[in-house]
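Breakdown of the fold
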Amino acid sequence: MLAEPAVAGSAVRREWTRFTPAQRLARFAVFLFIVLATLTALRTVDIIPEFLTDAPQQMADMLTRMWPIDFAEFQRGAGRAMLETINIASLGTLITLVMALPVGLLGARNVTPVPALNWLAHVILVTSRSVNSLVWALLFVAFFGPGPLAGTFAIAFRSIGFVGKLLAQSLEECQPGPIEALQAVGAPRASVLLKGFWPQVKPAFWSIALLRWDINVRESAVLGLVGAGGIGVALQNSMDFFQWDRVALILLMIFAVVVVAEIAVNIIRKKLI
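The name given to the protein in an unreviewed UniProt entry is Phosphonate ABC transporter, permease protein PhnE, with Candidimonas humi as the source organism. Recorded in UniProt for the protein, the comment headed Subcellular location (unreviewed entry) runs: "Cell membrane".

Let us look at the packing of aromatic side chains. Counted according to the given criterion, the structure contains 10 aromatic pairs. Taken together, a centroid distance of 5.1 Å and an interplanar angle of 50 degrees make the contact between Phe140 and Phe157 tilted. Of this pair, Phe140 sits in helix 5 (residues 133-144) while Phe157 is found in helix 6 (residues 148-172), placing the two residues 17 residues apart along the sequence. Taken together, the ring pairs in this structure connect Trp136, Phe140, Phe143, Phe144, Phe153 and Phe157 into an aromatic cluster. Cation over ring: Arg212 sits above Phe162, and NZ or CZ is 5.0 Å from the ring centre.

Right, let's get into the confidence of the model for the protein. Summarising the model, the protein shows a mean pLDDT of 82, and 92% of its residues fall at 70 or more. Element-level mean pLDDT values for the protein span from 74 in helix 2 (residues 49-65) up to 88 in helix 4 (residues 115-130).

Next up on the list: the nonpolar core. One recurring pattern in soluble globular proteins: nonpolar side chains tend to sit buried together. Core analysis: the largest hydrophobic core is formed by 20 residues, its most contacted members being Ile231, Ile250, Met253 and Ile254. With 10 residues, the top contributor of residues to this core is helix 10 (residues 244-272). Each residue touching Met253, except ones within four places of it in the same chain, is listed here: Phe74, Ala78, Gly79, Met82 and Ile231. Membership of the second largest hydrophobic core comes to 19 residues, among which are Ala121, Ile179, Val201 and Ala209.

With that out of the way, let us pick up the layout of surface pockets. Considering only enclosed or pocket space, the largest pocket measures out at about 230 Å³ in volume. Lining of the largest pocket is provided by Leu97, Leu101, Leu105, Leu167, Leu171, Ala190, Leu193, Leu194, Phe197, Trp198, Val201 and Phe205. Of all the secondary-structure elements, those providing two or more residues to the lining of the largest pocket are helix 3 (73-107), helix 6 and helix 8 (189-220). Looking at the lining of the largest pocket element by element, the count peaks at seven residues for helix 8. Residues of the lining of the largest pocket, tallied by class, amount to 12 nonpolar, no polar and no charged.

Attention shifts here to a nonpolar patch on the surface. Among the surface-exposed residues, Leu25, Phe28, Leu32, Val35, Leu36, Leu39 and Leu42 lie close enough to one another that they form a single nonpolar patch of about 670 Å² accessible area. In this fold, Val35 is placed in helix 1 (residues 21-45).

Per the UniProt record, "domain: ABC transmembrane type-1" (unreviewed entry) is annotated on residues 82-265. A distance of 18 Å separates the end C-alpha atoms of residues 82-265, which is 83% helix and 0% strand.

By the secondary structure assignment, Ala221 is in the loop between helix 8 and helix 9 (231-240). For the pair Ala221 and Val45, spaced 176 residues apart in sequence, the C-alpha to C-alpha distance is 27 Å. In contact with Ala221, not counting residues within four places along its chain, are Thr85, Ile231, Gly232 and Ile254.

It is worth spelling out the packing of helix 3 against helix 6 at this point. Remark: helix 3 packs on helix 6, axes separated minimally by 6 Å, with the N-to-C direction vectors making an angle of 40 degrees. In terms of orientation, helix 3 lies oblique with respect to helix 6. Note on packing geometry: the crossing formed by helix 3 with helix 6 is right-handed. Across the contact of helix 3 with helix 6, the residue classes tally to 18 nonpolar, nine polar and two charged.

Rules and cut-offs
Residues numbered from 1 in each chain as written. Predicted model: local features only at pLDDT ≥ 70, side-chain atom pairs only at ≥ 80, totals over all residues. Heavy atoms only, no water. UniProt positions renumbered as here; feature names shortened; annotations may be inferred. Phe/Tyr/Trp six-rings, centres within 6.5 Å; stacked < 30°, edge-to-face > 60°. Helix = DSSP H or I, 4+ residues; strand = E, 2+ residues; numbered from the N terminus. Lys NZ or Arg CZ within 6 Å of the ring centre and 35° of its normal. pLDDT = per-residue confidence, 0-100. Core = buried A, V, L, I, M, F, W, Y, C linked by side-chain atoms within 4.5 Å. Buried < 20%, exposed > 50% of the residue type's maximum accessible area, 1.4 Å probe, protein only. Contact = heavy atoms within 4.5 Å. 1 Å grid on protein atoms, 1.4 Å probe; cavity = no way out; pocket = protein on both sides within 12 Å on 5 of 7 lines; lining within 4 Å. Points joined across faces, edges and corners; volume = space filled by probe spheres on them. Nonpolar A, V, L, I, M, F, W, Y, C, P; charged D, E, K, R; others polar. Patch = residues over 30% accessible without salt bridge, like charges linked within 9 Å, V, L, I, M, F, W, Y side chains within 5 Å. Areas by Shrake-Rupley, 256 points an atom, 1.4 Å probe, with all protein chains shown as cover. Salt bridge = Lys/Arg side-chain N within 4 Å of Asp/Glu carboxyl O. Axes fitted to C-alpha atoms, helices over the stretch in contact; angles between N-to-C directions. Parallel < 35°, antiparallel > 145°, perpendicular 65-115°, else oblique. Left-handed = near helix turned anticlockwise from the far one by under 90°.

This is the structure in structure tokens:
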């Protein structure tokens, strides 16, 4: 343990001392907790040694079945399914922005100084984040039936917590000077929001929106596994019929779209911010 210099501004003297018994006990307790947690997790996972030893052969066999890639599947429907996935992510993100904006305003204490409304907004944000997108998709498939509509609403409701929380935090971090000046001259509430808060949170808002769209493109690719439309439906069908060459094409398409989306988000962000 390194001792601090006795006088401010003096030269640093490196003097090593032993940890105290209490510090050593605390470090041992932390290490013991990590070991016990790891052992408990391993017992819960119920690892079968035979499957682990056989995994390399099974992986090699699957990769062999995936080659050559069936690129003709792109024309037969995989391309349309991928476009549907992008549309689900884009429309879901737009719906999210519309719904998350008022929730974010209610959650920001400096915008809405009403504790009951702040608490209600935070309950909505926590509820949205605590439910996985696949669970939201299952619920909306039960409401609307299988298809992209269920996937769109699943993406939207899952994203409200992310966008609303970050927006509320950005609003609470705004400098109070411009806002107090507008309030001092009697500006209406709408003008305070548009002229005082919005210029300060605009860069963060667009960053949040672009980041969430990027995440939604990834998440919407698997919603089809539960019947919520998109490329996941084609992936599930190909896996059910052991058409591994088509699975390889779909995985390659998902990877390509994710990479392109990442590049597009970075370019748009540089131009907007």
